[in-house]
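Each chain is listed here by its residues.
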There are 2 protein chains.
Amino acid sequence: MSRVLVTGATGFIGRRALGPLLEAGHEVHAVSTRPPPGGAPVGVIWHQSDLLADPGEIVGSVAPQRLLHLAWYAEHGRFWTAPENVAWVEATLTLVRRFAAAGGERAVVAGSCAEYDWDHGGRCVEGSTPLAPAALYGSAKNATREVLEAASEQLGVAVAWGRVFFLYGPGEDERRLVASVTRALLAGERARTTAGAQVRDFLHVDDVAGAFAALLAGEVTGAVNIGSGEGTPVSEMVWQIARATGRRDLLDVGALPDRAGEPAAIVADVRRLCEEAGFTPAIGLEQGIDATVRWWRAARA
Amino acid sequence: MSRVLVTGATGFIGRRALGPLLEAGHEVHAVSTRPPPGGAPVGVIWHQSDLLADPGEIVGSVAPQRLLHLAWYAEHGRFWTAPENVAWVEATLTLVRRFAAAGGERAVVAGSCAEYDWDHGGRCVEGSTPLAPAALYGSAKNATREVLEAASEQLGVAVAWGRVFFLYGPGEDERRLVASVTRALLAGERARTTAGAQVRDFLHVDDVAGAFAALLAGEVTGAVNIGSGEGTPVSEMVWQIARATGRRDLLDVGALPDRAGEPAAIVADVRRLCEEAGFTPAIGLEQGIDATVRWWRAARA
């Protein structure tokens, strides 16, 4: 058992990571800027702290052995280019330095498939697919990883970096694809999408959270893709939602024009995740969409 | 004329950059943690501030239009792997963000040839030679550059990044190659060196400082190599020192074993510096070593 600190604990992944960490027997501390909506989950020791204002305070007072750092600027639509990304590089580096100084042993940080060169196409493999982020968000994540990996030995902290691909699931921002199509169809409204020929690697948020919990408990260091390993056309994803909601009649695939510059395929190679981190995603697309639709149906009720 | 702030103003490059900036007609503000030894140069407005403790304070109070950021952890021997590199990434990003918020328009930051993949060999060209730093220092510089370049538009600050190659000259740390060989020969002591077959790009610190002043005055953005463009074997460099000191008899080239893993050649491509930044190095190796030896001779007297 370790004393674990989770940042971004009220976020999309953070909320779903607390359960797996408790089940693994850790002493789980969570930190967020605002109190958790609905109160802290049973068994989690909650702290309120503004990581951007003072990234070191919380690690100084909790003195965790392991750190799961999920907090970042994540405002839908804005996060790709927001200058807040720069402040989060600074806060993340300070946090990990102070974590190390307070006796921390292992940090797992959320990275992104946006670190890869998406023009390189297809399957992204850690350590060989070129890293060439197209937007500030990816550059900021990639630069943070570069510094933490290079400083790991000097800081005396093992660092694993979970590169999250395209996640979906209960509690997702309502403006994102899966949530917005699901909510429209459940409300009996038409959902208009692009032709959706582009292939993405979708993974249910509970599998993403489970992968992070496995990384935290394990000993793998460096970048590890967190994806399903399977490419799914976006059109197939939205048809799954139509199937699960029973409203194929309301789905207009191809009604919106394709966005310029969308890469054809972004898929995770998950050999490191499965073989080295020992985590195999368990929730298939059909099952994951069923669960997500059920959750939104209940949330509407 | 611009209001210019120079960080690291007591450093090896910083001290030599103040003159060219004054000559260019700028209002020159300098900042350092400790007061300048021997007092502030005439015409320079000096500020004392600890950039690591509060990187934003000085740009808030001076409100410079242009920023020449040279400060970094530079302790001889230690800087390659020191954890202080991480804190300097944070301080640099905060500094540039706060510079932007205070109305700053253009920042020029000191990078390093250590950002390049030295195994790639030979001539380093901005934008095409792979970036793969071998040590934390290079990773920290490279990551800082990546974030600043990606954030430049959002922050509203033009960023140029001067990649310094192998500099030498008056006032260099006594433990570095040129200074230590020069001082030994001037003291009438034997100087033992490796065979020195490895080729490096040496540039006199006054040319380095002049290049930074040109970058600050100009409009080039992105990475710009600061070197001579010429490769010189290290043995040739030390023989130049022996010639200039008149003590060839005291030089034992090849007396020390080669260091493992030394790359064969690291040379700057200087087309961007000369053609786009409009700066051509003026001090050849022979002339530069003569001036350096004269300086050390005077310093001994």
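Everything below is about the structure printed above this text.
I will try to describe carefully the structure that is included in this document. (Residues numbered from 1 in each chain as written. Chains lettered and ligands numbered in written order. Predicted model: local features only at pLDDT ≥ 70, side-chain atom pairs only at ≥ 80, totals over all residues. Heavy atoms only, no water.)

**Things to note about the relation of the copies chain A and chain B**
Here the two chain copies are tied together by a rotation about an axis and a shift along that axis.
And step 1. Note on the identical chains: chain A maps onto chain B by a rotation of 180 degrees and an axial translation of 0.0 Å, with an RMSD of 0.0 Å. Such a combination of rotation and displacement between the chain copies is what one expects of a two-fold axis.
And step 2. Most of the interface of chain A is mirrored in chain B, where 100% of its interface residues are also at the interface. (Least-squares fit on C-alpha atoms with pLDDT ≥ 70 in both. Contact = heavy atoms within 4.5 Å.)

**Details of the interface of chain A and chain B**
And step 1. Listed per partner, the contact involves 21 residues of chain A and 21 residues of chain B.
And step 2. Summing both sides of the interface, chain A and chain B together bury roughly 1800 Å²; the carbon and sulfur share of this comes to 69%.
And step 3. A per-residue breakdown of the area chain A buries against chain B is headed by A:Glu90, A:Glu146 and A:Gln154, which together make up 29% of the total.
And step 4. Applying the counting rule to chain A against chain B returns 2 salt bridges.
And step 5. Taking the shortest distance from any N to any O, the salt bridge between B:Glu90 and A:Arg97 comes out at 2.8 Å.
And step 6. Inspection of the chain A/chain B interface yields 8 residue pairs in polar contact (both at pLDDT 80 or more). (Buried area = accessible area lost by both parts, 1.4 Å probe. Salt bridge = Lys/Arg side-chain N within 4 Å of Asp/Glu carboxyl O. Polar contact = N/O pair within 3.5 Å; in protein donor to acceptor, adjacent residues only side chain to side chain.)

**Remarks on helix α1 (residues 12–23) of chain A**
And step 1. When we look at burial in α1(A), the residues that qualify are A:Phe12, A:Ile13, A:Gly14, A:Ala17, A:Leu18 and A:Leu21.
And step 2. One or two residues past the end of α1(A) sits A:Gly25, with phi positive at roughly 90 degrees. (Buried < 20%, exposed > 50% of the residue type's maximum accessible area, 1.4 Å probe, protein only. Helix = DSSP H or I, 4+ residues; strand = E, 2+ residues; numbered from the N terminus.)

**Some details on the sheet that holds strand β13 (residues 232–233) of chain B**
Residue and element names in this part refer to chain B.
And step 1. In spatial order, the strands read β6-β15-β10-β13; together these 4 strands make up an open sheet with mixed pairing. Looking at strand neighbours, the two that pair on one side only are β6 (122–124) and β13, the edges of this open sheet.
And step 2. As defined by bridge partners, strand β10 (residues 199–200) adjoins strand β15 (residues 265–268) across 2 bridges and the pair is classed as parallel. When the sheet's bridge partners are listed, Arg 200 is paired in β15 with Ile 266. (Pairing = 2+ DSSP bridges.)

**Structural notes on the pattern of salt bridges**
Residue and element names in this part refer to chain B.
And step 1. Evaluated as defined, the whole model comprises 36 salt bridges over all chains.
And step 2. Of the charged contacts in the structure, one is a salt bridge between Arg 175 and Asp 173, with a shortest N-O distance of 2.9 Å.
And step 3. On the basis of relative accessibility, which here comes to 25%, the residue Asp 173 falls in the partly exposed class.
And step 4. Taking the shortest distance from any N to any O, the salt bridge between Asp 269 and Arg 271 comes out at 2.7 Å.
And step 5. Residue classification places Arg 271 among the partly exposed residues on the basis of a relative accessible area of 49%.

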